[in-house]
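Survey of secondary and tertiary structure
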Amino acid sequence: MELHKGEHLVRQGDSADHVYYVLRGRFEVLLDGRHLVAEIGAGEPVGEIAFFGGLSRTADVVASRDSEVLELSRENFDRLAAAQPDFIQSILRTLGRRLAATTAAASALAPRIADAVGLCAAGQSAVPESLVADLVQALRDSGSRVCVLRARDLPGDVAADDERLMSQWLGGQEQRGSTLLLVSGDGNPAWDRAALRHCDHLLLCGRLDEANAGPVALGELERYAAPLFRPRQTSLLLWREQSGTAIAHTRHWLQGRALHLHHHVALDRPGDFGRVARLLTGRALGAVLGGGGALGAGHIGTLRALGEAGVELDIIGGTSIGSVVAHAYAAGDDAHAMLADYEHFFIKRKALGRFTLPWYSLLDHRHLDACMQDQLGDSRLEDLPLNFFAVGANLSTNELEVVRHGLSRHALRISTAIPVALPPWINAQGQVLVDGGVMNNVPISVMRAIKSGPNMVSMLSPGNEWQVKSAYERVPSRLALAWQLLRRQRRDDDFPRLGEVAARSMQITSGRMLRGTGLGSDLLLKPPAVPGMGLLNFKLGRAQEQAGYEYTRRFLDKAGGLEGIQAWQRGEVMPEFED
Ligand SMILES: Nc1ncnc2c1ncn2[C@@H]1O[C@@H]2COP(=O)(O)O[C@H]2[C@H]1O
């Protein structure tokens, strides 16, 4: 079969009835029609992934020269393989090499969904019966076939101290559900040990108010269980009797425990367990809000529209203004309160409006810090009802800094420390931290490393066209500028000001980073900027919020509302939307 340069050999998503062998020429492998992931030359197979894996085509394959391939149907392939066993060897060799190349370039894998979850009391309190029942119900509601096993479910012929037999019996139970929930702590230590060793995720359950008295020591069974699991496989569910009880002192629980996530639930609000169940089973909906200064009001509008439609976000994080809005959502604020805070903070108090001598920064950080202190007090990230992260850039290590613990005002201060505009943050190790937008303005990769399952990404952009009328030569000399400032002459040129340049500089990588990471099955929202909007134009915040709201409404209408979103969460459909 011959192909001309530019012709498709296979198309991503198509079904696979043939495998090919390149006889002459060269092919490009393109993901989503754009990203070049590999080139394939003469003597190599093409289309083997879907053909052997029983999948649909994983990429487009396009001839980059006039080429010739051998096309093999299943029948022909079987015949050729029987006649020439070397042929299979050569395909396996190519597959091995391709896998090695892919592995070398792979980013961290999203956490694997646990098949067997061990429930274990943490601290001193036993796990309430109602908690187990609510968790099981929530797992069922989220679509899991859950099977609960406790010591009393052991068959009569398994002796109460025979851990080996228990382990064998547990192995035979796996087909009973998509998730096994193994409950420990019923008074049979052999079962507890066998059950916990059978699990791939440890869900510790502690009573939140034990932390009121200070750090909570590990419970007896917890001391046995904790070292069996890596932090990534361990989460802590902190329960309180009533939702009206404020969440506090969580850090005392986190001290001395290596955990991936912690969850806050109130026993009088069974809905809280839905979030835990979704996070455990990979169906949790994450949201990532990008940086973009005043445009961040658009995120608020997006959250308003999602909230009205009944879409519940289970975990949220962001960069810069995105982290500020995400933090408010994680704290339980509604869009109305968020917008009121935004206007109070940026317009009324002018948190970013007081200048200083331009030595360490342009803006007076003391004023900003005081505004933040008034707004956030000493609240801490660990005490937020939802899991949250803010992203900073660590200039000392050249790494992204993911902040999930500590004082909220410190986390947000790190995430919003626009270089030059504000002094960097210095952490306890003396490292220098600035706004995360410098490295990753839309940190979807951070969310993916924390959880598997679907995410919504909201990316702000002041538009791709920025044209300035003022000529470079017209920028005044320092004397002329000083004179104009002294005479309080208004400068009405449109030459970019310092703050705008600093803020814009952090936007430029957003789209590229996102393309580099690839969206996969995550949804991208791009609320448009209202006319006249700039990154520091907070006065247009209300209009920008409305624009974000209307944009997200249009998106939801197209996606089929809550039902459409839920179908996407289950992996059934992928809403498409071009505004
Ligand atoms: N990472 C990769 N490296 C090399 N080839 C690839 C890669 N991903 C996809 N392909 C090729 O592109 C083909 C697309 O169709 P298939 O998934 O059937 O088989 C795929 C492989 O032949």
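Nothing here was measured: the structure is a model prediction, and the numbers come from that model.

1. Notes on the UniProt feature "active site" (unreviewed entry) in the chain
In the UniProt entry, the feature "active site" (unreviewed entry) is given for Ser320 and Asp435. Maximum C-alpha separation among the annotated residues is 6.1 Å over a sequence range of 116 residues, consistent with a single clustered spot. In this view, Ser320 contacts Gly291, Ser415, Thr416 and Asp435; residues no more than four positions away in its chain are not counted. Here Asp435 lies in strand 20 (residues 432–435).

2. A closer look at the site of the ligand
Taken together, 14 residues are adjacent to the ligand, and Gly47, Glu48, Ala50, Arg57 and Thr58 come closest. With respect to the ligand, the side chain of Thr58 contributes an N or O atom lying 2.6 Å from an oxygen atom. Contact with the protein chains covers 90% of the free accessible surface of the ligand, which is 460 Å². Counting only elements with at least two residues in the shell around the ligand, the list comes to helix 1 (48–53) and helix 3 (85–105).

3. Describing the packing of helix 19 (residues 541–559) against helix 20 (residues 561–569)
Closest axis-to-axis distance for the helix 19/helix 20 pair is 7 Å, and the angle between their directions is 70°. In terms of axis orientation, helix 19 runs roughly perpendicular to helix 20. Mapping the contact onto sequence places Phe555, Leu556 and Ala559 in helix 19 and Gly561, Gly564 and Ile565 in helix 20. Here the residues of the contact of helix 19 with helix 20 are counted per class, giving four nonpolar, two polar and no charged.

4. Details of the pairing of strand 9 (residues 116–121)
Burial of strand 9 is extensive: five of the six residues sit out of reach of the surface. Where strand 9 lies against strand 11 (residues 179–183), four bridges are found, and the strand directions are parallel. By the bridge assignment for strand 11, Gly118 is matched with Leu182. With five bridges joining them, strand 9 and strand 12 (residues 201–207) adopt parallel strand pairing. What sits directly across from Cys120, in strand 12, is Leu204.

5. A few points about the pairing of strand 18 (residues 399–403)
Direction of pairing for strand 17 (residues 387–394) relative to strand 18: antiparallel, over a ladder of five bridges. Each bridged residue has a counterpart across the sheet, and for Asn394 the counterpart in strand 18 is Glu399. Counting the residues between successive antiparallel strands, the hairpin from strand 17 to strand 18 contains four residues, one of them, Asn398, with a positive phi of roughly 60°.

6. Description of a nonpolar patch on the surface
Among the surface-exposed residues, Trp466, Val468 and Val501 lie close enough to one another that they form a single nonpolar patch of about 230 Å² accessible area. Considering the arrangement of structural elements, one finds Val501 in helix 17 (residues 498–505). Under the relative-accessibility criterion, Val501 is labelled partly exposed at 37%.

7. Brief notes about the pattern of salt bridges
Where charged atoms from two side chains of opposite charge approach closely, those side chains can pair. For the structure on display, the rule yields 27 salt bridges. Glu222 is the partner of Arg257 in a salt bridge, and the nearest nitrogen-oxygen pair spans 2.5 Å. One end of the pair, Arg257, is in the loop between helix 8 (250–254) and strand 14 (261–266); the other, Glu222, is in helix 7 (residues 220–225), and 35 residues separate them in sequence. Owing to a relative accessible area of 9%, Arg257 belongs among the buried residues under this scheme. Since its relative accessible area comes to 1%, Glu222 is described here as buried.

Cut-offs applied
Residues numbered from 1 in each chain as written. Predicted model: local features only at pLDDT ≥ 70, side-chain atom pairs only at ≥ 80, totals over all residues. Heavy atoms only, no water. UniProt positions renumbered as here; feature names shortened; annotations may be inferred. Contact = heavy atoms within 4.5 Å. Helix = DSSP H or I, 4+ residues; strand = E, 2+ residues; numbered from the N terminus. Near = heavy atom within 4 Å. Polar contact = N/O pair within 3.5 Å; in protein donor to acceptor, adjacent residues only side chain to side chain. Areas by Shrake-Rupley, 256 points an atom, 1.4 Å probe, with all protein chains shown as cover. Axes fitted to C-alpha atoms, helices over the stretch in contact; angles between N-to-C directions. Parallel < 35°, antiparallel > 145°, perpendicular 65-115°, else oblique. Nonpolar A, V, L, I, M, F, W, Y, C, P; charged D, E, K, R; others polar. Buried < 20%, exposed > 50% of the residue type's maximum accessible area, 1.4 Å probe, protein only. Pairing = 2+ DSSP bridges. Patch = residues over 30% accessible without salt bridge, like charges linked within 9 Å, V, L, I, M, F, W, Y side chains within 5 Å. Salt bridge = Lys/Arg side-chain N within 4 Å of Asp/Glu carboxyl O.

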